[in-house]
Amino acid sequence: MPNKHFAVINPSKMCQPMGAVQALLGVRGAMPLIHGSQGCSTYMRFQLCRHFREPVNVSSTSMSEGTVVYGGEANLLKALETIWNEYKPELIGVTSSCLTETIGDDMGLIIHKFRQEHHDEELPPIVPISTPSYAGSHVDGYDKTIKSLIENLAYSTKPNDKINIITGNVSPADIREVKEILELLDCESIILTDNSESLDAPHTDSVSFLPSEGITVDEIRDTANSKATLSLCKHADSGVKFLEKRFDIKSISGFFPVGLQSTDSFISSICELNGCELPVKLEKERGRLIDAMVDAHPYNYGRKVAIYGDPDVVAALARFTAELGMIPAIVCTGAKSNRFLDDMKSVAEESCSLPVVLEGCDLYDLHQQIKENPIDLLIGNSYGARIAKEENIPLLRIGFPIYDRLGAQRIPIVGYKAGISLVDTLANIILEKYYDESGHEIESE
Amino acid sequence: MQSAVKSSKNSEKSDKGNEKVTNSSKLNVSVNKSLIKDLFTDESSSDEIVIDPVPESIIKTLESRLDHMCVKKSEDGGGPSCNTASVPGIVTQRSCVYGGARVVLMPITDAIHLVHGPIGCASCTWDIRGSRTSGEDLYKTGFSTNLEEKDIVFGGEKKLADTITELNNLYKPAAIFVYSTCVVGLIGDDLKAVCREAEKITKCRVIPVQSEGFRSFNKSLGHQLACDAMLDYLIGTGELDGKLKSEINAQPTLNIVGEFNVAGDLWAIKPLIEKMGVNVLSVLTGDSCVEDIANAHYADLNIVQCQKSSNYLARQMEEKYGIHYLKVNFFGIEDTAKSLKIISEFFQNPKMIEKADEIIKTEIANVRSEISHYKKRLAGKGVAVYVGGNKAWSLIRAFEELGMNVIMTGTQNGLPEDYERIMETVSEGTLVVDDANSMELSRLLQKYQPDLVISGAKEKYMTHKLGIPFCDFNHDRIASFAGFKGFINFAKELNRAVSSPVWKFTPKKYHGIVKNE
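Analysis parameters
- Residue indices follow the written sequence of each chain, beginning from 1 at its first position.
- As they are written, the chains are lettered A onward and the ligands numbered 1 onward, keeping that order.
- Confidence filtering applies because this is a predicted model: local features only for residues at pLDDT of at least 70, side-chain atom pairs given and counted only at 80 or more, and all residues used for totals across whole chains, interfaces and linings.
- Excluded from the side-chain calculation are hydrogens and water; included are all heavy atoms of the structure.
- Runs of E in the DSSP output that reach at least two residues are strands. Runs of H or I that reach at least four are helices, and both are numbered from the N terminus.
- Radius of gyration: C-alpha atoms only; globule rule: 2.2 Å multiplied by the number of residues to the exponent 0.38.
- Each residue's exposure class comes from its accessible area (1.4 Å probe, protein chains only) as a fraction of the maximum for that residue type: buried when under 20%, exposed when over 50%, partly exposed otherwise.
- By the convention used here, residues are in contact when the closest approach between their heavy atoms is within 4.5 Å.
- Residues scored as positive are Lys and Arg, those scored as negative are Asp and Glu, and His as well as the terminal groups of each chain are ignored.
- Charge positions are represented by NZ for Lys, CZ for Arg, CG for Asp and CD for Glu.
- Buried residues of nine kinds, namely Ala, Val, Leu, Ile, Met, Phe, Trp, Tyr and Cys, make up a nonpolar core once their side-chain atoms join them within 4.5 Å.
- Salt bridges, as used here, are contacts in which a Lys or Arg side-chain nitrogen is within 4 Å of a carboxyl oxygen on Asp or Glu.
- Each of two parts loses accessible area, computed with a 1.4 Å probe, when they are put together; buried area is these two losses added.
- In this classification, Asp, Glu, Lys and Arg are treated as charged, Ala, Val, Leu, Ile, Met, Phe, Trp, Tyr, Cys and Pro as nonpolar, and every other residue, Gly included, as polar.
- When DSSP finds two or more bridges between a pair of strands, those strands are recorded as paired.
- Note that the arc is computed from the directions linking the helix axis to the C-beta atoms.
- What a helix is expected to span follows from its residue count: subtract one and scale by 1.5 Å.
- Pairing of aromatic rings covers Phe, Tyr and Trp, the last through its six-membered ring, and needs centres within 6.5 Å; plane angles under 30 degrees mean stacked, over 60 mean edge-to-face, and all others mean tilted.
- Here is how to tell: hold the view so the strands point away, follow the path from the first strand over the helix to the second, and if it runs clockwise the crossover is right-handed.
- All axes are obtained by fitting lines to C-alpha atoms, using only the stretch in contact for helices, and the reported angles, taken between N-to-C directions, cover 0 to 180 degrees.

Chemist: What is the right way to look at the overall build of chain A in this model?
Modeler: A tally of helices and strands in chain A yields 17 helices and 15 strands. Its C-alpha atoms give chain A a radius of gyration of 22 Å, within 12% of the compact-globule value 22 Å for 445 residues. Judged by the C-alpha coordinates and their principal axes, chain A covers about 75 × 55 × 45 Å. Here chain A holds 445 residues, and 63% of them are scored as buried. Considering only contacts within chain A whose residues lie at least 6 apart along the sequence, 74% involve residues at least 24 apart. Both charge centroids of chain A, one from 41 positive and one from 63 negative side chains, sit 2 Å from each other.

So this is what it looks like as structure tokens:
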């Protein structure tokens, strides 16, 4: 097929408000409000519900033709009033859309007006987040939201001896894993933002319309007093930079901690900041991971992998699969990002292999590459299932959205312990597909 | 709530859907009631449902929302207020006009569905319809012009034209539908002009769909715009594919309108119709090809399954091509039988009528024995239905046939005519709710404590968290529920939802509390 220059075919990115909503769902008592037409909130809820298999509430200013003509002020004021009265939130995050950005609504000004109308009442913080859907991707929407939360709320009081962790737009299971590691390291932290409970909630005796757990407004305020900020994803580090610039807080951002080396550097950063040694339990986990890598190497070595999804996750998985002796042959992300290119360069240097790097590309591009450079395994979200079927290769589902398999919200990839499961899973997929029932490698025709 | 169904005063163009039913539906030749009644006499014929009197205010909610809920009483047939804008700030279950248009056209299998807008509109909605195909699968691919900042500033027409040409070269599709999104409406790209030009260059049908998301609070307008796109650019343009008109009309033909083949529903309906000796000329739009729809105007009859999305199309085709239409419903045994009957009687062919009776008799006997096991477990259970389309009324009888009671029903985008249908169909004491938001829904479910909820993905997990069994009747449905065969699946799925032992471990049913009350 000829090359394409214009169309996006089977997108591997979403728009900014989607990332914003995901960040806000990690704030306790927060109601995300999309200032736009109803479809934005509804279709995002649809995607989020079927991935996380949890109820997800996102409100909308329900803009329609008449209101577009006169500007969205009346709708936004009314929406704030409704949310405040009906849902009693601890925070309202107001994200814009392509519609309201284009008509030029000044959300900050409208929110200010709302505050003035209610000057004698105690309102929750209302944070405007500019997320036009025609710029960037959901990755930027997430980043902007974290930054807006800090910018609007953080203020310096007295040092708290904590470390701020910005997780990036990752799964609840990964956030839970990070929290466990921090606990083992005896590190007090503030997690920005933490959806590990709200988007992977136990079945209890109540239903809540707002995230029942997550970072609190007070904790967001307190981020200005921490001793450092660590971003697990390089594309979620605007907040880190802001805190450094504004409050002189040490900042670190590295590879998303998947696999051996990336987890090593994450944990050693914390140890260094906290002045502690690697605890025995983590040391054993690390040892077990290496043991698992040894067990798996005969099967994994030399297997070609294609990985697609969010830039940080793809780069980290590429690094990990390279550690396992696999060949990250094709990597693809929908976002446009120089940092991704840099990351992939360093993975290439480490592993002495040259992956095909698709940046700002879609699944069509990925598929064309796979046709030219056959691979053994595909890693990414559910949308890759058709490629996998057509090319007769297995698909390991990691990323968002995953709607055709269970457990997306419960399967971690961060840290040593999750790394062990990941190695086993990878090797077992390879065994299942490329080895026969008596354990012999099936020879390709 | 005294008189008939209320409609908003400022109701929009979408209210075309309110037009009174035209003569054609009166063509419904009277059905041989006694035959059907005989067939349906059953040990558990539906008893009157007894529900405790409901207080004035059904649940705690906003003042402006109170008259969007009502309980059917015998003395007045009034329904809830409807077709008004949702309250800004509420977690609405509604979608947008673009979404409405897309769901109607998306099942056309050999077309490209190109979303002209920023990436989000396409990436949140591609391949979510659940419509199955027996051939082409181009419709499952997600296409976007991916408008970026510079396109918003300088306009997206050039990019759109280039994208259309490129896609035509890549895929050689039977047609390219181009959907307008919110921002395209604002920046004023001339969709029609670009499509017209692109059609000249590509020689492929390029069809504009003016579905700017914000055009109405009611996505029914989107359905209508999708129908307009087919009426203006597709239906009537067919070249018969080498066949002669006489050949096509050699035996009675019909179009199935408003059937989207979700989970394969069409495949349970089509064989029944064909067995009667009627040729299905085209389906609008489930499992359909562009060329079939282009030839749809040659049919003798239209039958309308989803009357929410497609009555408008049938009415327009009647006006333009003089094709009569019948309203049918293939959910439930009785309604499926009735639908087959009225189709056979329309053609006034004694042989066909005989055949229909025969099919009905055999199929019903089969369904009876197949569902008896499930029925025992389902009988007496209360059901709450909350859906986007015609299912708010078309499912009621199907539940009754399983001995279940519909205690609550409602829709997100109901028009007055929809609520008239609902009020006619439901039993006394049934709660009817319009445009319920997520908080209202959960309060209603806790108050009415149904044994089963029928709805879509957005409502599924809230229902589960409340400890209530759930059955998806929307995009994510996994089994065909239409026709006689589908009814067996339907009973099976409902039983699967209700009878799972997992509900023994979720004791909060009937004890649930809602925070933020």
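Chemist: Looking at this structure, I do not really get the nonpolar core. What am I missing?
Modeler: In globular proteins that are soluble, nonpolar side chains generally tend to be buried together. In terms of nonpolar packing, the biggest core is built from 103 residues, with Ile165, Phe256, Phe266, Leu366 and Leu378 of chain A touching the most fellow members. No other element matches the 9 residues that helix 17 (residues 415–434) of chain A contributes to this core. Not counting the four nearest positions on each side in its chain, leucine 378 of chain A is found in contact with Ala306, Tyr308, Leu366, Ile370, Gly384, Ile387, Ala388, Ile393, Pro394, Leu395 and Leu396 of chain A. Val387, Val406, Phe487 and Val498 of chain B belong to the second-largest nonpolar core, a separate cluster that totals 66 residues.

Chemist: Please explain the pattern of salt bridges as it appears in this structure.
Modeler: A side chain of one charge can pair with a side chain of the opposite charge when the charged atoms of the two come close. Residues and elements named next belong to chain B. Scanning the entire structure with this criterion turns up 42 salt bridges over all chains. Salt-bridge contacts for glutamate 291 lead to arginine 205; the nearest nitrogen and oxygen are separated by 3.4 Å. In this pair, glutamate 291 is assigned in helix 11 (residues 290–294) and arginine 205 in strand 5 (residues 205–209), connecting sequence segments 86 residues apart. Residue glutamate 291 is classed as partly exposed on the basis of its relative accessible area, which comes to 26%. We note a salt bridge from lysine 275 to glutamate 363, for which the minimum N-O separation is 3.8 Å. Of this pair, lysine 275 sits in helix 10 (residues 266–275) while glutamate 363 sits in helix 14 (residues 350–378); the two residues are 88 residues apart in sequence, bridging distant segments of the chain. Among the ionic contacts, a cluster of salt bridges with common partners joins Arg65, Arg94, Asp435 and Glu440.

Chemist: Help me understand unusual backbone geometry, please; the structure alone is not making it clear to me.
Modeler: Residues other than glycine predominantly adopt negative phi, and peptide bonds predominantly adopt the trans conformation. Here phenylalanine 400 of chain A and proline 401 of chain A are connected by a cis peptide whose omega angle stands at -5°. Within the secondary structure, proline 401 of chain A sits in the loop between strand 15 (395–397) and helix 17. The peptide bond linking leucine 284 of chain B to threonine 285 of chain B adopts the cis configuration, its omega dihedral lying at 10°. Topologically, threonine 285 of chain B is positioned in strand 7 (residues 279–285). Of note, the phi angle at serine 62 of chain A is positive, near 45°, even though the residue is not glycine. Take serine 62 of chain A: it is sitting in the loop between strand 3 (59–60) and helix 3 (65–70). For serine 62 of chain A, a relative accessible area of 6% corresponds to the buried category. Unusually for a residue other than glycine, aspartate 161 of chain A sits at a positive phi of about 60°. On the secondary structure map, aspartate 161 of chain A appears in the loop between helix 7 (138–153) and strand 6 (163–166). Overall, aspartate 161 of chain A belongs to the exposed group, its relative accessible area being 51%.

Chemist: What is the right way to look at the interface of chain B and chain A in this model?
Modeler: It is common to give the size of an interface as the accessible area that goes away when the parts come together. With 69 residues of chain B at the interface, the matching set in chain A holds 70 residues. When chain B packs against chain A, the two sides together hide about 6400 Å² of surface, and 63% of this comes from carbon and sulfur. Ranking the residues of chain B by area buried against chain A places Trp126, Tyr461 and Lys465 of chain B at the top, with a combined share of 11%. Put simply, chain B and chain A have 3 salt bridges between them. Here lysine 465 of chain B ties to glutamate 54 of chain A by a salt bridge, and the two come within 2.9 Å at their closest N and O atoms. Listed by contribution, the elements that provide at least two residues to the side of chain B that touches chain A are helix 3 (119–123), strand 3 (143–144), helix 4 (149–154), helix 5 (157–171), helix 6 (182–187), helix 18 (438–448), helix 19 (457–465) and strand 15 (513–514) of chain B. Per element, the largest residue contribution to the side of chain B that touches chain A is 7 residues, and it comes from helix 5 of chain B. By residue class, the composition of the side of chain B that touches chain A is 30 nonpolar, 25 polar and 14 charged. In this sheet, strand 3 of chain B lies alongside strand 1 (residues 8–9) of chain A in antiparallel orientation, the contact comprising 2 bridges. Each residue of the ladder has a partner; that of isoleucine 9 of chain A, found in strand 3 of chain B, is phenylalanine 143 of chain B.

Chemist: Mind showing me how you'd approach helix 10 (residues 238–247) of chain A here?
Modeler: An α-helical turn contains 3.6 residues, so any two residues separated by three or four positions project in the same direction. Residues and elements named next belong to chain A. Those residues of helix 10 not exposed but buried are Gly239, Val240, Phe242, Leu243 and Phe247. In a view along the axis of helix 10, the buried residues occupy a sector of 165°, so they form one face of it. Where the residues of helix 10 are buried, they touch helix 7, strand 6, strand 9 (228–231) and strand 10 (250–253). Positive phi appears at aspartate 248, one or two residues downstream of helix 10, with a value of about 60°.

Chemist: Got a minute to help me understand the side chain of aspartate 435 of chain B in this structure?
Modeler: Mapped onto the secondary structure, aspartate 435 of chain B falls in the loop between strand 12 (431–434) and helix 18. With residues up to four places along the chain from it excluded, the contact list for aspartate 435 of chain B reads Arg65, Ser86, Thr92, Arg94, Tyr386, Thr411, Gln412, Tyr419 and Glu440 of chain B.

Chemist: Explanation requested: helix 13 (residues 311–323) of chain A in the structure shown.
Modeler: Residue and element names in this part refer to chain A. The terminal C-alpha atoms of helix 13 lie 18 Å apart, and with 13 residues this matches the ideal 18 Å at 1.5 Å per residue to within 8%. For helix 13, the buried fraction is high: 12 of the 13 residues fall into the buried class. Residues Pro311, Asp312, Val313, Val314, Ala315, Ala316, Leu317, Ala318, Arg319, Phe320, Thr321 and Ala322 constitute the buried set of helix 13. Positive phi appears at glycine 325, one or two residues downstream of helix 13, with a value of about 90°.

Chemist: What's the story with the packing of aromatic side chains in this structure? I'm lost.
Modeler: Note on aromatic pairs: each is described by the distance of the centres and the angle between the planes. The final tally for this structure, using the stated rule, is 17 aromatic pairs over all chains. Centre to centre, the rings of phenylalanine 242 of chain A and phenylalanine 247 of chain A are 6.4 Å apart; their planes meet at 80°, and the pair counts as edge-to-face. Here phenylalanine 242 of chain A and phenylalanine 247 of chain A have matching classes, each one buried. With a centroid separation of 5.1 Å and 85° between ring planes, the pair formed by phenylalanine 346 of chain B and phenylalanine 347 of chain B is classed as edge-to-face.

Chemist: Looking at this structure, I do not really get the pairing of strand 12 of chain B. What am I missing?
Modeler: Strand residues, when the strand is regular, have side chains that alternate between the two faces of the sheet. Residues and elements named next belong to chain B. Residues of strand 12 alternate between two faces, with Leu431 and Val433 on one and Val432 and Asp434 on the opposite face, all of them buried. Taken together, the 3 bridges between strand 1 (residues 69–71) and strand 12 define a ladder with antiparallel strand orientation. The residue bridging methionine 69 from the neighbouring strand is valine 433, located in strand 12. By the bridge criterion, 4 bridges tie strand 11 (residues 405–411) to strand 12 in an arrangement that is parallel. In the sheet register, glycine 410 faces strand 12, and the bridge partner there is valine 433. As a crossover connection, the stretch from strand 11 through helix 17 (residues 416–425) into strand 12 is right-handed.

Chemist: Can you help me understand the sheet that holds strand 2 (residues 30–35) of chain A in this one?
Modeler: To summarise the sheet geometry, strands pair through backbone hydrogen bonds and adopt either a parallel or an antiparallel arrangement. All names here are of chain A. Across the sheet, 4 strands lie side by side as 3-2-4-5; this open sheet has parallel pairing. Both outer strands of the open sheet, strand 3 and strand 5 (126–129), are each paired with one neighbouring strand and no more. Relative to strand 5, strand 4 (residues 91–96) is paired through 4 bridges, and the arrangement is parallel. Within the sheet, the bridge partner assigned to isoleucine 92 lies in strand 5 and is isoleucine 126. Packing of helix 1 (residues 16–24) onto the sheet brings it into contact with strand 2, strand 4 and strand 5, and relative to strand 4 it is tilted by some 170°. Of the strands in this sheet, strand 4 and strand 5 touch helix 7, which is tilted by about 140° from strand 5.

Keep in mind these numbers describe shape, not what the thing actually does.
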